[in-house]
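Residues per chain, in single letters:
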Amino acid sequence: MSVPRASFWRKLLAFSGPGYLVAVGYMDPGNWATGLGGGSAFGYQLLCVIVLSNLMAMFLQSLAIKLGIVTGLDLAQACRARYGNVTRVFLWVLCEIAIIACDLAELIGAAIALKLLFGIPLLVGVVLTGFEVLLVLALHERGVRKLEALIIALIVVIAICFAVELALAQPSLAGIARGLVPSMEIVENPLMLYIAIGILGATVMPHNLYLHSSIVQTRRYSRTEAGLREAIRYSVADIVIALSFAIFINASILILAAASFHDRGFSEVVGIEEAYRLLTPALGAGVASTLFAVALLASGQNSSITGTLAGQIVMEGFTDFRWPPWLRRLAARLLAMVPAMIAIGLYGEQGATSLLIFSQVMLSLQLPFAVYPLVRLTNSRALMGSFANRPVTMILAWSLTALLVVLNAVLLLQSI
């Protein structure tokens, strides 16, 4: 809540929270796969890609914030209001596919963590994770602040786990510094380019743009021009701080892989389960693998919660269906659980791994269809008035849109 004459810190605290709900999508199991692969194969060289992709995410999320606060509409509602029926249905279906794809990665990631920690079969783990998310989302009925507190607590757990892991791994500070500087080798080496594009594709999540434009409206602010500008300013500060945690965690995954595997002569691309098995002997500490799995479980659980929320927002925003909250959540959850259970039931663990890869391809396909409407809507003076994007912001927004389209098209072609 914005308090008149309140201090900067009190106002920032009042607007803090939505950014953290969004940030968990930037540290989901899809990011783990690309970070582990990049760090184990190429050491610290792709750190610059992680930082760049998160800066791009900050910019796009700031546009979603502005759209939600100024218009009082989330991105799905704005698309329903501004586009014809055919375009609206097309965008809705694509967005639902992207959310299902993202949910698949999150469910499978959490299920893998349950298997590593407790020996629970993957199929049972998917079911447990899916319905646990529905129970946790009951907190949302008691107020968004309680859900935000849980999300932040799980982010802290992930951060602590990786802080301990990095202390055990003792990464090269000189290597980290070099990795923050872009290198032409990233473009010249086909495998490095493939993983770099994968990092970009796994970082900028289309459903987060819909989610953020909605939940940012849970704060109270004056509808005057000054009140709207203040709300935008503090909400942007919230997402910048929250995504800074995402940069730390995503960078930690890559740094841990670089220090534990690449620096010790193991330069093959390492997957999630293989990393779990190798960490304890690599670091000489039995707790290393356990902390890794605990962080993965918290990441998958967190991302599943926000993915289900995004599914609700998209379904209601595009269609204006007024379903009971429990029914919307159940529908959103089953849309992801059923394909995951079928794939694991038919093909076992190999099917789960293939499904993870497929989910990232589907996200890449949908991303331009979320970014383009967002940029076009926030450029519109008829919709945004004096808050419409200025020329410099327009140029940057369209340039980022073109870059994302090209990079994700390359990723798709390479995946095929």
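Everything quoted here is computed from the prediction, not taken from an experiment.

Asks: I'm lost on the nonpolar core in this one. Help?
Replies: One recurring pattern in soluble globular proteins is that nonpolar side chains are buried together. L46 and F292 are the most contacted members of the largest nonpolar core, which totals 125 residues. Among the elements that make up this core, the one with the highest residue count is helix α13 (residues 225-260) (18 residues). Once you skip the residues sitting within four places of it in the chain, F292 turns out to touch W32, L36, E165, L256, I272, A275, Y276 and L279.

Asks: Just to check I follow, could you spell out the environment of A388 for this structure?
Replies: Examined against the element boundaries, A388 turns out to sit in the loop between α17 (381-384) and α18 (391-415). On a C-alpha basis, the gap between A388 and K66 in space is 9.0 Å, while along the polypeptide they are 322 residues apart. Once residues lying within four places of it in the same chain are set aside, the contact partners of A388 are K66, T378, N379, S380 and R381.

Asks: Help me understand unusual backbone geometry in this model?
Replies: Note: most residues except glycine have negative phi, and most peptide bonds are trans. At Q170, a position not held by glycine, the phi torsion is positive, near 50 degrees. On the secondary structure map, Q170 appears in the loop between α8 (144-169) and α9 (173-179).

Asks: Help me understand α8 in this model?
Replies: An α-helical turn contains 3.6 residues, so a residue and the one three or four places further along point in the same direction. In this model, α8 (26 residues) spans 37 Å end to end at C-alpha, consistent with the 38 Å of a helix rising 1.5 Å per residue. Immediately downstream of α8, the backbone of Q170 shows phi near 50 degrees, a positive value.

Asks: In this structure, what is going on with the packing of aromatic side chains? I would like to understand it.
Replies: Pairs of aromatic rings are described using the distance from one ring centre to the other and the angle between the two planes. For the structure on display, the rule yields nine aromatic pairs. Note on F8 and Y234: the rings are 5.6 Å apart at their centroids and 40 degrees apart in plane angle, and the pair reads as tilted. Of the two residues, F8 sits in helix α1 (residues 8-15) while Y234 sits in helix α13, which places them 226 residues apart along the sequence. Plain terms: the ring middles of Y372 and W398 are 5.5 Å apart, the flat faces sit at 50 degrees to each other, and that makes the pair tilted. Here Y372 is found in helix α16 (residues 325-379), whereas its partner W398 is found in helix α18, with 26 residues between them in sequence. Members of the aromatic cluster, joined through ring pairs, are F8, W9, F15 and Y234. In this structure, R229 is placed above the aromatic ring of F387, and the distance from its NZ or CZ to the ring centre is 4.2 Å.

What counts as what
- Residues numbered from 1 in each chain as written.
- Predicted model: local features only at pLDDT ≥ 70, side-chain atom pairs only at ≥ 80, totals over all residues.
- Heavy atoms only, no water.
- Core = buried A, V, L, I, M, F, W, Y, C linked by side-chain atoms within 4.5 Å.
- Buried < 20%, exposed > 50% of the residue type's maximum accessible area, 1.4 Å probe, protein only.
- Helix = DSSP H or I, 4+ residues; strand = E, 2+ residues; numbered from the N terminus.
- Contact = heavy atoms within 4.5 Å.
- Expected span 1.5 Å × (residues − 1).
- Phe/Tyr/Trp six-rings, centres within 6.5 Å; stacked < 30°, edge-to-face > 60°.
- Lys NZ or Arg CZ within 6 Å of the ring centre and 35° of its normal.

The values reported here are purely geometric and, on their own, carry no functional implication.
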